Amino acid sequence: MADERLEAYRTELTGYCYRMLGSGFEAEDAVQETLVRAWRAFARYDGSRGSVRTWLYRIATNVCVDMLRSAQRRSLAVDLRPFGTLLPAEHWVYPVADERVLAAEELAVRRETVRLAFVAALQHLAARQRAVLILRDVLCWSAEEVAGLLGTSTAAANSALQRARATLRAHPPAPGDPWRPEDAGQRELLERYCTAFERHDVAGLVALLHEDATMTMPPFAWLLRGREAIRAALEDPQASCAGARLRPVRANGSPAFWQTRPGAGGAHELFALVVLDVVGEEITGITTYLEPERLRPLFSTPAAGVVGLEPSARARVVS
């Protein structure tokens, strides 16, 4: 019985821990530790310090704060220097599958809050300020509820929230629209992007980009900014984009794709996970994660059918 009551909170706890930690891997570790601690103490839980949900969030907050004490601040490539260096995993904000961090009823309203840019912006906050802002502004807890969870006064919780908001204003996330499958304009933009990409139509692809669009490739601290820089990179014969395909995947509340390339014998192999930033009718950012086998376990619908994929995934952009 205890297991079932606790397990029911796994998805929302993972979403909370992901925003706190900036890594799907660490978020899952934090949630597992949270549930183990709660399971061990469940026989002693009497509800005197709040609901099961509040109790679990209190444990999860303590776990995350402990994990963040000596952690490297995670970033996106646009925030890193020097460019061109290969950086270890702890430097990066990593993507995560929507289904691991967003419950079905949250998909539409909270996609924005798991966008890579928003999660990266949260990493500028001190751990407890980060917790306060997520609980208040993302999860819509009251000041009194947050104060009770953190064991502080309502005034102190409100003060932490104001400081957190001020820091976010100084380090705002790059703009971007969350993935909206019901939006015909966004669907058309993504279909045009997939068509141009799979045809290796560089001119067509670049035409879909904002003039100041960025392209990055973690784990390399590598950044291109602007249409012409991206055009030159795509036209480089060593880029080997010709023959690549895209397969839609749900990641970070944003348009995202597994990218595959022809391998030995012509069979396609995973190459990268691509997450797009879209604003209106233009693509403003392309983040290409070059560690697909590392990321694949985070997605419960893996790219298992890569070998023998149909020639185009465009028909499934809206799925």
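The rules we used
- Residues numbered from 1 in each chain as written.
- Predicted model: local features only at pLDDT ≥ 70, side-chain atom pairs only at ≥ 80, totals over all residues.
- Heavy atoms only, no water.
- UniProt positions renumbered as here; feature names shortened; annotations may be inferred.
- Helix = DSSP H or I, 4+ residues; strand = E, 2+ residues; numbered from the N terminus.
- Buried < 20%, exposed > 50% of the residue type's maximum accessible area, 1.4 Å probe, protein only.
- Contact = heavy atoms within 4.5 Å.
- Salt bridge = Lys/Arg side-chain N within 4 Å of Asp/Glu carboxyl O.
- Pairing = 2+ DSSP bridges.
- Axes fitted to C-alpha atoms, helices over the stretch in contact; angles between N-to-C directions.
- Left-handed = near helix turned anticlockwise from the far one by under 90°.
- Nonpolar A, V, L, I, M, F, W, Y, C, P; charged D, E, K, R; others polar.

As recorded in an unreviewed UniProt entry, the chain goes by DNA-directed RNA polymerase sigma-70 factor and comes from Dactylosporangium matsuzakiense. Database annotation for the chain, UniProt heading Subunit (unreviewed entry): "Interacts transiently with the RNA polymerase catalytic core formed by RpoA, RpoB, RpoC and RpoZ (2 alpha, 1 beta, 1 beta' and 1 omega subunit) to form the RNA polymerase holoenzyme that can initiate transcription." The UniProt entry for the chain carries the following comment under Sequence similarities (unreviewed entry): "Belongs to the sigma-70 factor family. ECF subfamily."

1. Here's the deal with the overall build of the chain
Secondary structure summary: the chain contains 14 helices and seven strands in total. Buried positions account for 50% of the 319 residues belonging to the chain. Partitioning the contacts of the chain with sequence separation of at least 6, the portion at a separation of at least 24 is 63%.

2. Quick notes on the pattern of salt bridges
In this structure the tally under the stated criterion is 13 salt bridges. Note that glutamate 26 is salt-bridged to arginine 74, the shortest N-O span being 3.1 Å. In this pair, glutamate 26 is assigned in helix H3 (residues 24-41) and arginine 74 in the loop between helix H4 (52-68) and strand S1 (85-86), connecting sequence segments 48 residues apart. The class for glutamate 26 is partly exposed, based on a relative accessible area of 25%. When the shortest N-O distance is used, the salt bridge between arginine 115 and glutamate 112 registers 3.2 Å. Given a relative accessible area of 1%, arginine 115 falls into the buried group.

3. Quick notes on the pairing of strand S2 (residues 209-217)
Where S2 lies against strand S7 (residues 282-289), four bridges are found, and the strand directions are parallel. When the sheet's bridge partners are listed, threonine 214 is paired in S7 with glycine 285. As paired elements, S2 and strand S3 (residues 220-225) share four bridges and run antiparallel to each other. Residue pairing in the sheet places methionine 215 in a bridge with leucine 224 of S3. The loop that links S2 with its antiparallel partner S3 comprises two residues.

4. Things to note about the packing of helix H8 (residues 127-138) against helix H9 (residues 143-150)
Where H8 meets H9, the closest approach of the two axes is 10 Å, and the angle between their N-to-C directions is 145 degrees. The element H8 and its partner H9 pack so that their crossing is right-handed. From H8, Arg128, Val132, Leu135 and Arg136 reach across to H9, where they touch Ala143, Val146, Leu149 and Leu150. Counted by class, the contact of H8 with H9 contains six nonpolar, no polar and two charged residues.

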